[in-house]
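Structure assessment
Here are the chains, one letter per residue:
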Amino acid sequence: MELLQEVANISGKPGLYRIVKPGRAGVIVESLDAGKKREMINANAKVSVLKEISVYTENVNESKPLSEIFQAIRAAHGEKVEFDLKNASNNQFFDFFATIMPDFDRERVYATDVKKIINWYNTLSEFLPEAFEEAK
């Protein structure tokens, strides 16, 4: 899932963005949605590349990379996760995530984190399916 190196979440902006190229004042990104809108993101913006994100496990010295979590979701749920993100309780998010990653740390991983992971997975699966081809 090397394509995750090119995909980022930008703090304060909804959705995911593909990093197109660095510019003088920041980085040029393209939204991963039907609009494919390009924009310059300031160098001061908090940009998190998905390849560098991992989830806490019960073992304090360990974490699991997002790419492995996405592969587990793909194996369990296919191309789209059918989950009621708006009406689900925190316990329902944790129960869902426990089926994917049983050893996640329930004290350091929040329901909002699980919600983001599900949203990111569905977005990648729909608009950047080639990210999962390497995992096959």
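Residues numbered from 1 in each chain as written. Predicted model: local features only at pLDDT ≥ 70, side-chain atom pairs only at ≥ 80, totals over all residues. Heavy atoms only, no water.

What follows covers the sheet that holds strand 1 (residues 7-10). Pairing is antiparallel in the open sheet, where 5 strands are placed in the order 4-3-2-1-5. Single-partner strands in this sheet number two, and they are strand 4 (38-42) and strand 5 (47-49). Pairwise comparison of adjacent strand axes, ignoring direction, gives a mean angle of 45 degrees for this sheet. Sheet analysis places strand 3 (residues 26-31) next to strand 4, joined by 5 bridges and oriented antiparallel. Looking at strand 4, one finds that Val 29 is bridged to Glu 39. (Pairing = 2+ DSSP bridges. Helix = DSSP H or I, 4+ residues; strand = E, 2+ residues; numbered from the N terminus. Axes fitted to C-alpha atoms, helices over the stretch in contact; angles between N-to-C directions.)

In contact at an axis separation of 9 Å, helix 2 (residues 90-100) and helix 3 (residues 111-127) are set at 55 degrees when each is read in the N-to-C sense. In terms of their interaxial angle, helix 2 and helix 3 are classed as oblique. Remark: the crossing between helix 2 and helix 3 carries left-handed chirality. Along the contact surface, helix 2 presents Asn 90, Phe 93, Phe 94, Phe 96 and Phe 97, while helix 3 presents Ala 111, Val 114, Lys 115, Ile 117 and Ile 118. Its residues assigned to classes, the contact of helix 2 with helix 3 comprises 8 nonpolar, 1 polar and 1 charged. (Parallel < 35°, antiparallel > 145°, perpendicular 65-115°, else oblique. Left-handed = near helix turned anticlockwise from the far one by under 90°. Contact = heavy atoms within 4.5 Å. Nonpolar A, V, L, I, M, F, W, Y, C, P; charged D, E, K, R; others polar.)

Turning our eyes to something else, we now look at the confidence of the model for the protein. When pLDDT drops low, the exact placement of atoms in the prediction is not to be read closely. Across the protein, pLDDT averages 93, with 98% of residues at or above 70. Here helix 4 (residues 130-133) stands out as the element of the protein with the lowest mean pLDDT, 88, in contrast to strand 6 (residues 54-56), whose mean of 97 is the highest. (pLDDT = per-residue confidence, 0-100.)

Right, let's get into the nonpolar core. Ranked by size, the top nonpolar core spans 33 residues in total, and within it Leu 50, Phe 70 and Leu 124 carry the most contacts. Contributions of two or more residues to this core are made by helix 1 (66-77), helix 2, helix 3 and helix 4. The element that contributes the greatest number of residues to this core is helix 3, accounting for 7 residues. Excluding residues that lie within four positions of it along the chain, Phe 70 makes contacts with Met 1, Leu 4, Leu 50, Ile 117, Trp 120, Tyr 121, Leu 124 and Phe 132. Counting residues in hydrophobic clusters, the runner-up holds 5 residues, among them Ile 10, Tyr 17, Val 27 and Ile 41. (Core = buried A, V, L, I, M, F, W, Y, C linked by side-chain atoms within 4.5 Å. Buried < 20%, exposed > 50% of the residue type's maximum accessible area, 1.4 Å probe, protein only.)

At a closest axis distance of 9 Å, the pairing of helix 1 and helix 2 adopts a crossing angle of 95 degrees. As judged from the angle between their axes, helix 1 and helix 2 are roughly perpendicular. Judged by residue contacts, Ile 69, Ala 72, Ile 73, Ala 76 and His 77 of helix 1 engage Phe 96, Phe 97 and Ile 100 from helix 2. In terms of residue class, the contact of helix 1 with helix 2 is made up of 7 nonpolar, 1 polar and no charged.

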